[in-house]
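Listed here are the chains, written in short residue letters.
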Amino acid sequence: TDAGGVTSAVEIYNPSGGASTARASLSAPRRFHSLVVQTGDRLWVAGGETTGGTILASSEFYDPSVNQWISTGALLSPRAGHATVNLGSGALLLAGGWNSSPVLATSERYDSASGIWKQGWLANGRANHTATLLPSGRVLVAGGTGGGSSAAILDLGTGVWSPTGSMATAREYHTA
């Protein structure tokens, strides 16, 4: 967002040159969305909320070779305040967030090769939390609104979420 609210403007920072460069704008202004590096230097954005409070289901990736955002289709559920993790091989996982309900207890997995979204479930609903791909290939979600100090692990092989140890302090809007 900028001082005036939600924006679709995009800048990419070059640490070696110490400067930002404007790039093609997103298809829609958004905040509370997720952004991950999908592969190489391709960025992927999903969901979020517009200035008017509309929750978005759109997703798109940035192709730097043509300086263009390309739609990857709609999420199964519009969501904002969710966490996204790159699972590798073009697969992405979105977990939790909110739309018309205070927190969502759902997750979605996207396969860029097939362009298909599949739905799963969380151990409990949460938003404004973190999701981290662990070295074991499992995904850890922690904290957030509705999650408090709790954490859960997703086994990607079985698709089952299991509660795990809690954090010492409840938190939301944190990073991992």
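Data block above holds the structure.
Because the structure is a prediction, the values reported are computed rather than measured. (Residues numbered from 1 in each chain as written. Predicted model: local features only at pLDDT ≥ 70, side-chain atom pairs only at ≥ 80, totals over all residues. Heavy atoms only, no water.)

Here's the deal with the overall build of the protein chain
So, point 1. If you tally the helices and strands in the protein chain, you get zero helices and 14 strands.
So, point 2. A compact globule built from 176 residues would reach a C-alpha radius of gyration of about 16 Å, and the protein chain, at 16 Å, matches this within 12%.
So, point 3. The C-alpha extent of the protein chain, read off along each of the three principal axes, is 40 × 35 × 35 Å.
So, point 4. Partitioning the intrachain contacts of the protein chain with sequence separation of at least 6 by distance along the chain shows that 35% fall at a separation of at least 24.
So, point 5. Each charge class in the protein chain was averaged separately, 10 positive and 10 negative side chains, and the resulting centres sit 7 Å apart. (Helix = DSSP H or I, 4+ residues; strand = E, 2+ residues; numbered from the N terminus. Rg over C-alpha atoms; globule rule 2.2 N^0.38 Å. Contact = heavy atoms within 4.5 Å. Lys, Arg positive; Asp, Glu negative; His and termini not counted. Charge placed at Lys NZ, Arg CZ, Asp CG, Glu CD.)

Observations concerning the nonpolar core
So, point 1. With 13 residues, the main nonpolar core has Val85, Leu87, Leu93, Ala131, Val139, Val141 and Trp161 as its most contacted residues.
So, point 2. Those elements that provide at least two residues to this core are strand E7 (83-88), strand E8 (91-95), strand E12 (139-142) and strand E13 (151-155).
So, point 3. Apart from the residues within four sequence positions on either side, Val139 is in contact with Val85, Leu87, Leu93, Ala131, Thr132, Leu133, Ala152, Ile153, Leu154, Leu156 and Trp161.
So, point 4. Ranked by size, the runner-up nonpolar core spans 10 residues in total, among them Trp44, Ala46, Ala57 and Tyr110. (Core = buried A, V, L, I, M, F, W, Y, C linked by side-chain atoms within 4.5 Å. Buried < 20%, exposed > 50% of the residue type's maximum accessible area, 1.4 Å probe, protein only.)

So, the sheet that holds E8
So, point 1. Here we have four strands laid out as an open sheet, ordered E7-E8-E9-E10, and antiparallel in their pairing. Only two strands of the sheet have a single partner each, and these edge strands are E7 and strand E10 (116-121). Along the sheet, successive strands turn relative to each other by an average axial angle of 20 degrees, direction set aside.
So, point 2. With five bridges joining them, E8 and strand E9 (residues 106-111) adopt antiparallel strand pairing. Paired with Leu94 across the bridge in E9 is Glu108. (Pairing = 2+ DSSP bridges. Axes fitted to C-alpha atoms, helices over the stretch in contact; angles between N-to-C directions.)

Notes on the environment of Ala131
So, point 1. Here Ala131 shows up in strand E11 (residues 130-133).
So, point 2. Ala131 sits in the buried class, given a relative accessible area of 18%.
So, point 3. Leaving out residues up to four positions away in the same chain, Ala131 has contacts with Ala83, Val85, Val139, Leu140 and Val141.

Points about the side chain of Asn128
So, point 1. With respect to the secondary-structure elements, Asn128 resides in the loop between E10 and E11.
So, point 2. At 3.1 Å, the side chain of Asn128 and the side chain of Thr145 are in polar contact.
So, point 3. Setting aside its immediate chain neighbours within four residues, Asn128 contacts Gly81, Trp98, Gly144, Thr145, Glu172, Tyr173 and His174. (Polar contact = N/O pair within 3.5 Å; in protein donor to acceptor, adjacent residues only side chain to side chain.)

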